[in-house]
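One-letter residues, chain by chain:
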Amino acid sequence: MPRALREVVYVDGVRTAFGKAGPQGHFWKTRADDMGVKVVRELLRRNAKIPPERIGDVIMAATAQVGDQGLTLGRDVALLAGIPQTVPGFAVDRMCAGALTAVTAGAGEIAMDAADVVLAGGIEHMGHHPMGEDVEFNPRFVAERLVDPSAVTMGATAENLHDRFPHLDKEAADAFAVQSQQRAAAAWDNGVMRETVVPMSVFTDEGWKVAERDEFLRPDTTMEALAGLRTPFRPGGRVTAGNSAGLTDGATACFLASEEAAAELGLEPKMRLVGYAFSGVEPELMGIGPIPATRRVLDQAGLTVDDVGLFELNEPFAIQVLTWCDALGVVPDDPRLNPYGGAIAFGHPLAATGVRLMAQLAYGFGERPAVRYGLTALCVGMGMGAALLWENLRVG
């Protein structure tokens, strides 16, 4: 029989600091699932009104579902974090959109009355599991020309975007990278990140330390410094380490709930999920994925880009953001776009990033009560895009 779907709200979200992938990074001697345990425990501590047994599901994303981020990661992390054994969990993979897919999967459970509260997030330890390691690509992809060979190298897809959109040149990409670093530095200085970043004790070659700050922050970045960087994906190319997100380790987690459960438990949700869309594009141009996804979700809601007061767009490469801006009519220095900086400064631990975007959007909503709608969006490897539209529940 017909029934109404329930509304889904975002309650709270946290993340670890994002560390450099590799022996010099924060988390080199830390297990991936233990990073997940840390953010889950902090989320439980911050939201003590949510009884752990009331959680209906724990959904964790990872791109490399092997080793210390293998098993059924949601269940693994839930048990390690002390959540009751009666609470189930599972893992998902949509590469860079992993955490956002965990969120939409959990939202579906809540909307269908299969759960009142869901814990969702993502984990990526790119130091332990480099991108593409232990993956065997089917030779038919190239032999039958199903995809261009460049599709399996994300930096090459970024160079392809420069080829396809020559008016978006390296100077524009470098300028956006400088802006991202400056905005991220200001956000850390102003205490924005302290609201969402969970310090974590980690063991290193020098003994125990606290991982509490993102390791790719470069507040002194200049156009002159970026101009001299090498282009590793193509001789004479335009994509550099300076206008790209670094390889990163990190974890994120958030609480979603039905509106009814939030009211019953006395929670103060920050935003409501209005809609979401996933899209597919040419794999070798994966960076344009957020463009059709954004258009689809705005069409679903009957809104235009002018109705959206905040955008949190992932920054795997500056050129990817520039193509989105170009297509949607948003100037790259628009104060609505990534006001606290983005992945070029923070890093991009693949499946974890989506909840970072959401947490920053929620914080932005709190600072801007006049803004009603916000968007979180990102591109996805092998030619996809994701966009989630949110409504501010603290509108003044």
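All values reported here derive from a predicted model rather than from experimental measurement. (Residues numbered from 1 in each chain as written. Predicted model: local features only at pLDDT ≥ 70, side-chain atom pairs only at ≥ 80, totals over all residues. Heavy atoms only, no water.)

1. A word on the overall build of the protein chain
Regarding its fold elements, the protein chain presents 12 helices and 13 strands. Radius of gyration (C-alpha) of the protein chain: 20 Å, near the 21 Å computed for a compact globule of 396 residues. Here the C-alpha coordinates of the protein chain stretch approximately 60 × 50 × 50 Å along the principal axes. Looking at the protein chain as a whole, 61% of its 396 residues qualify as buried. Across the protein chain, the fraction of contacts at a sequence separation of at least 24, relative to all contacts at a separation of at least 6, is 80%. Total accessible area computed for the protein chain in this model is approximately 15,700 Å², and 53% of it derives from carbon and sulfur atoms. Once the 35 positive and 50 negative side-chain charges of the protein chain are each reduced to a mean point, those two points are 2 Å apart. (Helix = DSSP H or I, 4+ residues; strand = E, 2+ residues; numbered from the N terminus. Rg over C-alpha atoms; globule rule 2.2 N^0.38 Å. Buried < 20%, exposed > 50% of the residue type's maximum accessible area, 1.4 Å probe, protein only. Contact = heavy atoms within 4.5 Å. Areas by Shrake-Rupley, 256 points an atom, 1.4 Å probe, with all protein chains shown as cover. Lys, Arg positive; Asp, Glu negative; His and termini not counted. Charge placed at Lys NZ, Arg CZ, Asp CG, Glu CD.)

2. Some points on the nonpolar core
Counting 41 residues, the largest nonpolar core has Phe311, Trp324, Leu337, Leu375 and Leu389 as the members making the most contacts within it. Contributing elements (two or more residues each) for this core: α5 (154–164), α6 (170–189), α9 (290–301), β11 (308–313), α10 (318–328), β12 (373–380) and β13 (384–392). Counting residues per element, this core draws most heavily on α10, at 7 residues. With near-sequence residues (within four places) excluded, Phe311 lies in contact with Val305, Trp324, Val330, Arg336, Leu337, Asn338, Pro339 and Leu375. (Core = buried A, V, L, I, M, F, W, Y, C linked by side-chain atoms within 4.5 Å.)

3. Describing the packing of α5 against α10
The N-to-C vectors of α5 and α10 enclose an angle of 40°; their axes lie 9 Å apart at closest approach. As far as their axial angle goes, α10 and α5 are oblique. The crossing of α5 and α10 is left-handed. Note on element contacts: α10 touches α5 through Ile319, Gln320 and Thr323, opposite Ala158, Leu161 and His162. Looking at the contact of α5 with α10 residue by residue, the class counts come to 3 nonpolar, 3 polar and no charged. (Axes fitted to C-alpha atoms, helices over the stretch in contact; angles between N-to-C directions. Parallel < 35°, antiparallel > 145°, perpendicular 65-115°, else oblique. Left-handed = near helix turned anticlockwise from the far one by under 90°. Nonpolar A, V, L, I, M, F, W, Y, C, P; charged D, E, K, R; others polar.)

4. A look at a nonpolar patch on the surface
Taken together, the side chains of Val135, Phe137 and Val152 make up a nonpolar region of the molecular surface, amounting to roughly 250 Å² of accessible area. Mapped onto the elements of the fold, Val152 is located in the loop between α4 (140–143) and α5. Assessed through its relative accessible area of 40%, Val152 is described here as partly exposed. (Patch = residues over 30% accessible without salt bridge, like charges linked within 9 Å, V, L, I, M, F, W, Y side chains within 5 Å. Salt bridge = Lys/Arg side-chain N within 4 Å of Asp/Glu carboxyl O.)

5. Let's talk about α5
Most of α5 sits inside the fold, with 9 of its 11 residues counted as buried. Within α5, the full set of buried residues consists of Met154, Gly155, Ala156, Thr157, Ala158, Glu159, Asn160, Leu161 and His162. The elements touched by buried residues of α5 are α6 and α10.

6. Here's the deal with the side chain of His125
Of note, His125 is situated in strand β5 (residues 117–125). Beyond its immediate sequence surroundings of up to four residues, His125 is in contact with Phe27, Trp28, Thr30, Arg31, Ala32, Met35, Asp68, Gln69 and Asp249.

7. So, the pairing of strand β1 (residues 8–16)
Most of β1 sits inside the fold, with 9 of its 9 residues counted as buried. As paired strands, β1 and strand β9 (residues 248–258) are joined by 7 bridges and run antiparallel to one another. Bridging across to β9, Val9 finds its partner in Ala257. Of the strand pairs in this sheet, β1 and strand β10 (residues 271–280) are connected by 2 bridges, and their pairing is antiparallel. Residue Tyr10 lies in a different strand from β10, and its bridge partner there is Met271. With 2 bridges connecting them, β1 and strand β6 (residues 197–198) associate as parallel partners. Bridged to Arg15 within β6 is Val197. (Pairing = 2+ DSSP bridges.)

8. Some remarks on the packing of aromatic side chains
Two measures describe an aromatic ring pair: the distance that separates the ring centres and the angle between the ring planes. Under the definition given, this model contains 5 aromatic pairs. On the numbers, 6.0 Å between centres and 65° between planes, the contact of Tyr276 with Phe278 is edge-to-face. Residue classification places Tyr276 among the partly exposed positions, given a relative accessible area of 35%. Seen from the ring of Phe346, Arg15 lies directly overhead, with NZ or CZ sitting 5.2 Å from the centre. (Phe/Tyr/Trp six-rings, centres within 6.5 Å; stacked < 30°, edge-to-face > 60°. Lys NZ or Arg CZ within 6 Å of the ring centre and 35° of its normal.)

9. Remarks on the environment of Glu259
Here Glu259 is to be found in helix α8 (residues 259–265). A C-alpha to C-alpha distance of 7.5 Å links Glu259 and Arg6, two positions 253 residues apart in sequence. When near neighbours in sequence (up to four residues on either side) are disregarded, Glu259 contacts Glu7, Val9 and Arg272.

10. Looking at the pairing of β9
With 11 of 11 residues buried, β9 lies mostly within the body of the structure. Of the two faces of β9, the one carrying Thr248, Gly250, Thr252, Cys254, Leu256 and Ser258 and the one carrying Asp249, Ala251, Ala253, Phe255 and Ala257 are both buried. Note that strand β2 (residues 19–20) and β9 share 2 bridges and pair antiparallel. Paired with Lys20 across the bridge in β9 is Thr248. As paired strands, β5 and β9 are joined by 9 bridges and run antiparallel to one another. The residue of β9 that forms the bridge with Leu119 is Phe255.

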